[in-house]
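Structural overview
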Amino acid sequence: AAVVLADRDTVRDPAALADLLESSGASVMQATPTLWRALAEERPESLAGLRVLTGGEALPEALAEELASRAEGVVNLYGPTETTIWSTAAGIEAGRRRPAAAPASIGAPIANTCLYVLDAALRPVPAGAAGELYIAGAGLARGYHGRAGLSAERFVADPFGPAGTRMYRTGDVVRWDSDGALAYVGRADFQVKIRGFRIELGEIETALADQDGVAHAVAAAREDEPGRPRLVGYVRPAAGAAPDPAALRAALAARLPEYMVPSAVVVLEEFPQTANGKTDRAALPAPALAAADEPEAPAGPFEARLRAILADVLDTGALGGADDFFALGGHSLLATRAANRIRAELGVEARVRDLFDAPTPAGLAALLAARPAARPPLTRRADPDAPAPLSYAQERLWFLDRLHGPGAAYNVPLAFRLRGAVDAGALAAALRDVVLRHAILRTVYTPGSGGAAARQRVLAPEEVGEVLEVRDVAEPELDADVHEVLHRPFDLARDTAVRAALLRTAPGEAVLAFAFPHIATDEWSEAPFVRDLDAAYAARRAGRAPHWEPLAVDYGDFAAWQRAWLGEAGDPASPLGRQLAFWRGALAGAPAELDLPADRPRPAAPDGAGAAVDFALGAAEHRALLELAEGHGATAFMVLQSAVAVLLHRMGAGEDIPIGTPAANRDDAAVHDTVGMFLNMLTLRTDLSGGPDTAELLARVRAADVAAFANADAPFDRVVQECGARGSLARHPLFQVMLTYQRDPDRPALLGTESGIHPVDMRAAKVDLEFTFAERPGTRGLAGTLRYATARFDAETAARMAERLRLVLGAMAADPGRRVGTIDVRTEDERRLLAAANATERPTGPLLPERLARAAAANPQRTAVVAGGVAVSFAELAGR
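Note that this is a predicted model, so its numbers are computed, not measured.

What counts and how
Residues numbered from 1 in each chain as written. Predicted model: local features only at pLDDT ≥ 70, side-chain atom pairs only at ≥ 80, totals over all residues. Heavy atoms only, no water. Helix = DSSP H or I, 4+ residues; strand = E, 2+ residues; numbered from the N terminus. Rg over C-alpha atoms; globule rule 2.2 N^0.38 Å. Buried < 20%, exposed > 50% of the residue type's maximum accessible area, 1.4 Å probe, protein only. Contact = heavy atoms within 4.5 Å. Areas by Shrake-Rupley, 256 points an atom, 1.4 Å probe, with all protein chains shown as cover. Lys, Arg positive; Asp, Glu negative; His and termini not counted. Charge placed at Lys NZ, Arg CZ, Asp CG, Glu CD. Patch = residues over 30% accessible without salt bridge, like charges linked within 9 Å, V, L, I, M, F, W, Y side chains within 5 Å. Salt bridge = Lys/Arg side-chain N within 4 Å of Asp/Glu carboxyl O. Pairing = 2+ DSSP bridges. Axes fitted to C-alpha atoms, helices over the stretch in contact; angles between N-to-C directions. Arc of directions from axis to C-beta. Parallel < 35°, antiparallel > 145°, perpendicular 65-115°, else oblique. Left-handed = near helix turned anticlockwise from the far one by under 90°. Expected span 1.5 Å × (residues − 1). Phe/Tyr/Trp six-rings, centres within 6.5 Å; stacked < 30°, edge-to-face > 60°. Lys NZ or Arg CZ within 6 Å of the ring centre and 35° of its normal. pLDDT = per-residue confidence, 0-100. Polar contact = N/O pair within 3.5 Å; in protein donor to acceptor, adjacent residues only side chain to side chain. Core = buried A, V, L, I, M, F, W, Y, C linked by side-chain atoms within 4.5 Å.

Looking at the overall build of the protein
A count of helices and strands for the protein gives 25 helices and 31 strands. Here the C-alpha radius of gyration of the protein, 32 Å, is about what a compact globule of 880 residues would show, namely 29 Å. Based on the C-alpha atoms only, the size of the protein along its principal axes is roughly 110 × 75 × 55 Å. Taking all 880 residues of the protein together, the buried fraction comes to 48%. The long-range share in the protein, meaning contacts at least 24 apart out of those at least 6 apart in sequence, stands at 67%. Approximately 39,100 Å² of the protein is accessible, and the part contributed by carbon and sulfur atoms is 52%. Measuring between centres, the 92 positive side-chain charges of the protein sit 2 Å from its 115 negative side-chain charges.

Now the structure itself:
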């Protein structure tokens, strides 16, 4: 078949290109996605019966689906010119139902081609982790003619091939899928960092392109004013559409974190293009950044003060009521500053999200007009009978409940399998006894009047309703019933803080399930709760009320004491002031968000949905972990923290790894027998810079952790505020990965039965990833659980991550002198799969000159190429 070459004018005119397709009778066409999009918009019927080859740019999922649904076949090709055009190929099928934001697949290597996905130190990354793509094999060029320096930079020694061979550094960021294919993530130079946030421009482009009326989208990081980088989106309208930049920004604000929302969106009828038909990013115009020359008068004093604050934050002239904060150069960090200034100077509760919802002074004034006044400073409780303040930990959980609404993410589960007779009446009475003993279990939370802080209110005994549900269930339905009991949300303003269900599956067989809202309990509370319940049940079975030693304090006393003791944050001599000063220094410059190897981009708002995979460290692995800790003056927790940080580092998260962990503030013996929420969250920063070995890393972790736990009383939310980390509601502030290490208590027989823990699956997640390790009585080794946010991770990804963590721990224990950055976290299955993917050696056939000579000899006058209306025969082509 002859090759038809389209000239530049035809390529730029989709109608002319469609005419050429029809007149030439072409059955195969190769073009960039930009050109395919234009052709599909201009004359979609021209795709019928055509075999589509696309490459040169990332293939958007929506375009891939349209091409596959109309054409005879679609192949997505990838390969730079330096590797003799193509290096990989992926067939695209219609109806795949992939997420719109899913990375484009570029498939597997073609014959005689090897692909390596490497980190910055040229180490292979595991499946799921992003790395830079390097290409080697028979198609590799020798370099750039007359440009030795550039050749040395891009054509580097191949450490995986025969001596003397080279590989090409593409600059493209990809990741291996579990099936051995490559997913294209973006250009290494398209990943930008603005105000400490690492941003993939491709995610913004995908979100823009998904909006109605947008045919094509590009995102760029610009610095039109020195020292003020900003994100700008560019869109080309679909036929007959007129997209509104403000509406597009509002749509992105609902889908993306604030720091990824462009400060301006520019509508262009056509994108500038390079000579080979790709978007010329360097030629994209700068958006206008001018406020109104003569702003109209403000609607009132409140709007006037708002205008002044916003103008000062933006460092610009006087603002008009309709001037857009983001169109004038605002971004998420400036929005945070503005919200803080508004709260401090105007006395209203402004949030960062408010500026995204109402970015003009007039709109923001209207939004804030109905807001309550900023809450006054909290004071210690003078009257022990008056409603108690919330502790700092409770305050955070109350805020999350009000922000996201009731849900199961912060339900604390506990379930026992019971074998033996249970007196349901005595159990109900015993539960009521325990609720009356521990006031926190009959405490509800109500907002204060006039915008004051929420308060605790202890229900009177006559206000406490039935706590125990008793029902018979069939064994097959048991898990569903347990799930319902544990996942049912609590109304913190009304509900008793414990829910219990006795689910009887057969005579003498039952599951006793409890759910608590986290605002009322923590892990430590399990022991006094169960102990008191068992004692009360025994007493009720004997026909009497239980007799306990009175509790030294109740939780309300602790909450008031905590606030009085910590003092004011603004007082540098107070405990709170001193500890906040420590955290400002300890967390200065920490990354706001880790680049985790997630399967999907972060949604605009977390849904709280999660799942978990269980794994275990055997007795030998646990013993090696303890020996490693003892040999380096560390704890088992510190070793696990180091290992998690190394894992994330090797998966592409960087060298500065913040990890969250709970700390129990129960130092005073008076609260040891008290049920309540005494936990505080700490951010432990792990420094992997400079390529430390295991011994050095443990020394760093030990020093950082000792200092952190010495300042563990500073409330987490106050630390967040002091460090300016409350930048986005889309992610957990300060850390997105948690680590918990616990020793499960001995659990004696409960309620006079043979009892054991009934496993439960809480389908909720507080952060992206949470590693939990537990020492369990009567067992060797450690039980491990990795809980993950299902909005970001698949079960297979989480399971592989748990397996990789075991590899890291084994490598660290086996050789503490080994640099942790050299630990290979690829599994054996991955090694075999990637080796098979690169096993592409094939015998090479005749090269192009020889093939042309054969064709010319066989049929010299047959047309080989048509270009510009001129036909060239095989004989003429071979002669040239």
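Overview of unusual backbone geometry
The phi torsion at Ile 85 lies on the positive side, around 80°, for a residue other than glycine. Within the secondary structure layout, Ile 85 lies in the loop between β4 (73-78) and β5 (88-92). We classify Ile 85 as partly exposed; its relative accessible area is 40%. Phi at Leu 751 is positive, roughly 60°, even though this residue is not glycine. Here Leu 751 is to be found in the loop between β26 (737-743) and β27 (754-757).

Looking at a negative patch on the surface
Taken together, the side chains of Asp 7, Asp 9, Asp 13, Glu 42 and Glu 45 define an acidic patch exposed on the protein surface. Among the structural elements, Glu 42 can be located in helix α3 (residues 33-42).

Some details on the sheet that holds strand β15 (residues 230-237)
The strand order across the open sheet built from three strands is β14-β15-β16, with neighbouring strands paired in mixed fashion. Taken across any chain shown, the strands that pair with only one partner, and hence form the sheet edges, are β14 (214-222) and β16 (264-267). Sheet twist, expressed as the mean angle between neighbouring strand axes with direction ignored, is 25°. Across the sheet, α3 lies against β14 and β15, angled at about 150° from β14, the strand it touches most. This element, helix α6 (residues 201-209), spans β14 and β15 of the sheet and lies at about 150° to β14.

Structural notes on helix α4 (residues 61-70)
Taken as a whole, α4 has its buried residues at Glu 61, Leu 63, Ala 64, Leu 67 and Ala 68. All buried residues of α4 project into a common sector of 160° when viewed along the axis, lining one side. Buried residues belonging to α4 abut α3, β3 (51-54), β4 and β5.

Looking at the packing of helix α18 (residues 619-631) against helix α22 (residues 795-814)
At a minimum axis distance of 9 Å, the contact between α18 and α22 shows a crossing angle of 50°. Between α18 and α22, the interaxial angle falls into the category oblique. The way α18 lies across α22 gives a crossing that is left-handed. In contact with Glu 621, Ala 624, Leu 625 and Leu 628 of α18, α22 contributes Arg 806, Leu 809, Met 812 and Ala 813.

Digging into the pairing of strand β11 (residues 182-187)
As a general feature of sheets, a regular strand has side chains that alternate between the two faces. Judged from the five bridges that link them, strand β10 (residues 166-176) and β11 form a sheet pairing that is antiparallel. Each residue of the ladder has a partner; that of Arg 175, found in β11, is Ala 183. Here β10 folds back onto β11 in antiparallel fashion, the turn holding five residues, of which Gly 180 has a positive phi close to 85°.

Quick notes on helix α8 (residues 301-314)
One turn of an α-helix holds 3.6 residues; hence residues three or four places apart share an orientation. With 14 residues, α8 extends 20 Å from end C-alpha to end C-alpha; this agrees with the ideal 20 Å at 1.5 Å per step. Those residues of α8 lying buried are Glu 303, Leu 306, Arg 307, Ile 309, Leu 310, Ala 311, Val 313 and Leu 314. At the C-terminal side of α8, Asp 315 shows a positive phi close to 55°.

Remarks on the packing of aromatic side chains
Evaluation of the coordinates by the stated rule reveals 14 aromatic pairs. Measuring from centroid to centroid gives 6.3 Å for Phe 514 and Phe 516, while their planes differ by 20°, and the two rings are stacked. According to the relative accessible area criterion, Phe 514 is buried, its value standing at 0%. Among the residues examined, Phe 516 registers a relative accessible area of 6% and is labelled buried. Aromatic rings pair up to connect Tyr 555, Phe 558, Trp 561, Trp 565 and Phe 678 into one cluster. Lying over the aromatic face of Tyr 392, Arg 563 brings its terminal NZ or CZ to 4.1 Å of the ring centre.

Focus on the confidence of the model for the protein
On average, the protein scores 85 in pLDDT, and the residues at 70 or more come to 91%. Looking at the elements of the protein, mean pLDDT is at its lowest for strand β12 (residues 191-194), recorded as 64, and at its highest for helix α13 (residues 424-437), recorded as 96.

Topic: the side chain of Asp 323
With respect to the helices and strands, Asp 323 occurs in the loop between α8 and α9 (332-346). Look at Asp 323: it is buried, it has no salt bridge, and the nearest opposite charge is Arg 307 at 7.0 Å. In terms of polar contacts, Asp 323 uses its side chain to reach the backbone amide nitrogen of Gly 320, at 2.5 Å.

Re the sheet that holds strand β21 (residues 499-506)
Pairing is mixed across the open sheet formed by five strands, whose spatial order is β20-β21-β22-β17-β27. In this open sheet, the two strands that pair with only one neighbour each are β20 (468-472) and β27. Going from strand to strand, the sheet's axes swing by 20° on average, the running direction of each strand aside. The pairing of strand β17 (residues 411-419) with strand β22 (residues 509-517) spans nine bridges and is classified as antiparallel. Its bridge partner lying in β22, Leu 418 is registered against Ala 510. On the sheet, α13 packs against β20, β21 and β22 and is oriented at approximately 155° with respect to β20. Against the sheet, helix α14 (residues 478-487) engages β17, β20, β21 and β22, with an angle of about 20° to β22.

Some remarks on the nonpolar core
Among soluble globular proteins, nonpolar side chains are generally buried collectively. Counting residues in each nonpolar core, the largest one holds 87 residues, and the members touching the most others are Leu 769, Phe 771, Phe 773 and Leu 805. Contacts of Phe 773, omitting those with residues within four sequence positions, involve Phe 615, Leu 617, Leu 640, Leu 739, Thr 740, Tyr 741, Gln 742, Leu 782, Ala 783, Gly 784 and Leu 805. Phe 416, Val 482, Leu 512 and Ile 519 belong to the second largest nonpolar core, which has 62 residues in total.

A look at the environment of Thr 797
Mapped onto the fold, Thr 797 is located in helix α22. When the C-alpha atoms of Thr 797 and Ala 598 are compared, they prove to be 8.1 Å apart, with 199 residues separating the residues in sequence. If we ignore the near neighbours within four places in the chain, the residues touching Thr 797 are Pro 597 and Asp 599.

A look at the pattern of salt bridges
Evaluated as defined, the whole model comprises 46 salt bridges. A salt bridge links Glu 22 to Arg 43, with the shortest nitrogen-to-oxygen separation between them at 3.4 Å. A residue pair is termed long-range when its members are at least 10 positions apart, and Glu 22 in helix α2 (residues 14-24) and Arg 43 in the loop between α3 and β3 qualify at 21 residues. Of the residues examined, Glu 22 reaches a relative accessible area of 48% and is grouped as partly exposed. One salt bridge connects Glu 796 with Arg 800, and the closest N-O pair in it is separated by 3.3 Å.

Digging into the packing of α13 against helix α15 (residues 526-541)
Interhelical geometry of α13 versus α15 gives an angle of 130° and a closest axis separation of 8 Å. By the angle between their axes, α13 is oblique relative to α15. α13 and α15 meet at a crossing whose hand is right-handed. Contact residues: α13 offers Ala 426, Leu 427, Ala 429, Ala 430, Leu 431, Asp 433, Val 434 and Arg 437, while α15 offers Phe 529, Asp 532, Leu 533, Ala 536, Tyr 537, Arg 540 and Arg 541.

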